[in-house]
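Examining the three-dimensional arrangement
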Amino acid sequence: MKVAFVARYGPPEVVEFREAPTPSAAAGEVRIRVLATAVTAGDWRIRSGVMPRGFGALRGIGLGFGGPRKGVLGTDAAGVVDAVGAGVKRFNAGDPVFAFPGSALGCHAEFLVIRADGRVAPKPANLSFEEAAALPFGGMTALDFLRRGEVQTGERVLVNGASGNVGSAAVQLAKHLGAHVTAVASAPNASLVQSLGADEVIDYTTCDFAAGGARFDIVLDCVGNAPYSRMKRILAPRGRLLAVLADLPAILGSAFAGRTKSHRVVAGPASEKAEDLMTLAELAAHGKLRPVIDQRFPFEQIVDAYRVVDSGRKKGSVILWLDPRAALNTWEHLPERILDRIPAPVLPFIRAIPSRTE
Ligand SMILES: NC(=O)c1ccc[n+]([C@@H]2O[C@H](COP(=O)([O-])OP(=O)(O)OC[C@H]3O[C@@H](n4cnc5c(N)ncnc54)[C@H](OP(=O)(O)O)[C@@H]3O)[C@@H](O)[C@H]2O)c1
């Protein structure tokens, strides 16, 4: 199978295509034929080797010396179950699914093998494969941090970096939990975050959200420029700072920060729970969570996709498609035997077929 491989840390151009053995599904596992995957901020970090302050010395031990130990990156995938291992009852060949191996990686490949009782779920029927692949990284992270922050109905939540992958999910999930949401985003992204449900928008290019008199029960920081020393002024009593992006000193200090003011700081890696993926699928199926896609690239253009991610300016997710049917909600009505007969130049037009719910 074809995989995108990162042998050494560096710029987008270090990514190269290689042939790798197609994995088989062992007992309890499913093999997914990947139709769409995402290039996430997590992939950027592993590929570039750029670590938050304090983590540099730990990079070799954690990720690999000279280059990532796992050369096939990719945290999110959507596709079709292609083979099931012995004992698997939950899925059958042909089932549309999406998956979040997360830190286990491996989605930048034509096939992904994952435990059937792990972080894989039926694809919501109202989402295309590309949309489903755009859901997990930001959704899982936002869900975990908001849960650890114990968001309550009516609380005031500020999301810093609201137009990104984690932020765009956090705005929607906080609204779903009944919070009043203030989104920090640049003016060109104001309409996007409003469409996701934000009640107020602060343009970070003209206004310092920490300088006004407003108080928040929760500040969720996806940018890394909101340390507790700066946020304590704007946190209400019993307020929580959810530091999605934090350096090592901040993570180590989070257990003690704010105690004197009855504040709490939540930092560190998000948990990766199978049941959270099911929650995201349910919310998406009911229209409560909408994946945001900035740009879509064919798999072969992964370097261009990384360039967008490296800019730090993407909205939501950047998607790679490995099959023209990734743009559709279903694939059965366009079976392989028909697809194989369609001349290559016509394939891009397949992507323009409206999906069932559109
Ligand atoms: N703790 C964990 O387990 C965990 C899990 C996932 C992610 N993370 C980390 O969380 C961070 C965010 O991830 P992500 O996927 O959401 O990133 P992302 O999608 O790349 O974020 C890009 C967005 O950030 C916005 N932005 C940039 N500078 C900003 C600023 N000063 N104020 C407000 N918005 C700003 C950009 O909007 P403009 O174009 O308007 O600038 C853009 O829309 C990453 O560093 C990632 O490594 C941590």
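Further remarks concern the overall build of the protein. Each helix and strand counted, the protein has twelve helices and 15 strands in total. Since a compact globule built from 358 residues should have a radius of gyration of about 21 Å, the 20 Å found for the protein is in line with a globular shape. Considering only C-alpha atoms, the protein reaches an extent of 65 × 45 × 40 Å along its principal axes. Burial statistics for the protein: of 358 residues in total, 47% are counted as buried.

So, on to the nonpolar core. Counting residues in each nonpolar core, the largest one holds 110 residues, and the members touching the most others are I32, V159 and V219. Residue contributions to this core peak at seven residues, all from strand β3 (residues 29–39). Both domains that furnish three or more residues to this core are identified here as domain 1 (2–135 + 291–350) and domain 2 (139–267). Beyond its immediate sequence surroundings of up to four residues, V219 is in contact with L158, N160, A226, M231, I234, L235, L241 and L242.

Take the site of the ligand next. Taken together, 29 residues lie around the ligand, and S163, G164, N165, V166 and S186 are the ones closest in. For the shell around the ligand, the elements supplying multiple residues, two or more each, are α1 (41–48), α4 (136–148), α5 (165–176) and β9 (180–185). Among the residues forming the shell around the ligand, the class breakdown is eleven nonpolar, 14 polar and four charged. Split by domain, the shell around the ligand shows at least three residues from each of two domains, domain 1 (2–135 + 291–350) and domain 2 (139–267).

Reading across the sheet, the six strands line up as β10-β9-β8-β11-β12-β13 and stay open at both edges, with parallel pairing between neighbours. Of all strands in the sheet, those bounded by a partner on one side alone are β10 (200–203) and β13 (264–267). Adjacent strand axes in the sheet meet at a mean angle of 15° when their direction is disregarded. The pairing of strand β8 (residues 156–160) with β9 spans five bridges and is parallel. Bridged to R156 within β9 is H180. Here α5 sits on the sheet in contact with β8, β9 and β11 (216–221), set at roughly 170° to β8.

By the element assignment, E272 lies in the loop between β13 and α9 (274–285). The sequence separation of E272 and M140 amounts to 132 residues, and the corresponding C-alpha distance is 7.0 Å.

Consecutive residues of a regular strand have side chains that alternate between opposite faces of the sheet. Across the five residues that make up β8, a large majority, five, are buried. Because side chains alternate across β8, one face comprises the buried residues R156, L158 and N160, and the other comprises V157 and V159, equally buried. With α5 bridging β8 and its parallel neighbour β9, the resulting β-α-β unit is right-handed. Of the strand pairs in this sheet, β8 and β11 are connected by four bridges, and their pairing is parallel. Within the sheet, the bridge partner assigned to N160 lies in β11 and is D221.

Let us now look at α4. Across its 13 residues, α4 extends 18 Å between first and last C-alpha, which sits within 8% of the 18 Å expected from 1.5 Å per residue. Here α4 lies mainly inside the structure; ten of its 13 residues are buried. For α4, the set of buried residues is P136, F137, G138, G139, M140, T141, A142, L143, F145 and L146.

Below, the discussion takes up the domain arrangement of the protein. Under the domain assignment, the protein is made up of domain 1 (2–135 + 291–350) and domain 2 (139–267). Taken residue by residue, the interface counts 14 residues in domain 1 and 13 residues in domain 2. Counted by class, the side of domain 1 that touches domain 2 contains six nonpolar, five polar and three charged residues.

Here the focus is α1. Most of α1 sits inside the fold, with six of its eight residues counted as buried. When α1 is considered as a whole, its buried residues turn out to be A41, G42, D43, W44, I46 and R47. Where α1 is buried, its residues touch β1 (2–6), β2 (15–19), β3, α4, α5 and α10 (302–310). Positive backbone phi, approximately 75°, marks G49, located one or two places after α1.

With that out of the way, let us pick up the environment of A133. Note that A133 resides in helix α3 (residues 129–133). Residues A133 and V157 lie 24 residues apart in sequence; the distance between their C-alpha atoms is 27 Å. With residues near it in sequence (within four places) discarded, A133 still touches A36, T37, A38, D76, A77, A78, F98 and I319.

Our next topic: unusual backbone geometry. For L105, which is not glycine, the phi torsion reads 60° and is therefore positive. Inspection of the secondary structure puts L105 in the loop between β5 (96–99) and β6 (111–115). Judged by the 21 C-beta atoms lying within 10 Å of it, L105 is buried. A positive phi angle, close to 65°, is found at R238, a residue other than glycine. Of note, R238 is situated in strand β12 (residues 235–243). Taking the C-beta count within 10 Å as the criterion, R238 has 13 such neighbours and is therefore assigned partly exposed.

What counts as what
- Residues numbered from 1 in each chain as written.
- Predicted model: local features only at pLDDT ≥ 70, side-chain atom pairs only at ≥ 80, totals over all residues.
- Helix = DSSP H or I, 4+ residues; strand = E, 2+ residues; numbered from the N terminus.
- Rg over C-alpha atoms; globule rule 2.2 N^0.38 Å.
- Buried ≥ 20, exposed ≤ 12 C-beta atoms within 10 Å, placed from the backbone.
- Core = buried A, V, L, I, M, F, W, Y, C linked by C-beta atoms within 7 Å.
- Domains from an automatic or database assignment.
- Contact = placed C-beta atoms within 7 Å.
- Near = placed C-beta within 6 Å.
- Nonpolar A, V, L, I, M, F, W, Y, C, P; charged D, E, K, R; others polar.
- Pairing = 2+ DSSP bridges.
- Axes fitted to C-alpha atoms, helices over the stretch in contact; angles between N-to-C directions.
- Right-handed = clockwise from strand over helix to strand, strands pointing away.
- Expected span 1.5 Å × (residues − 1).

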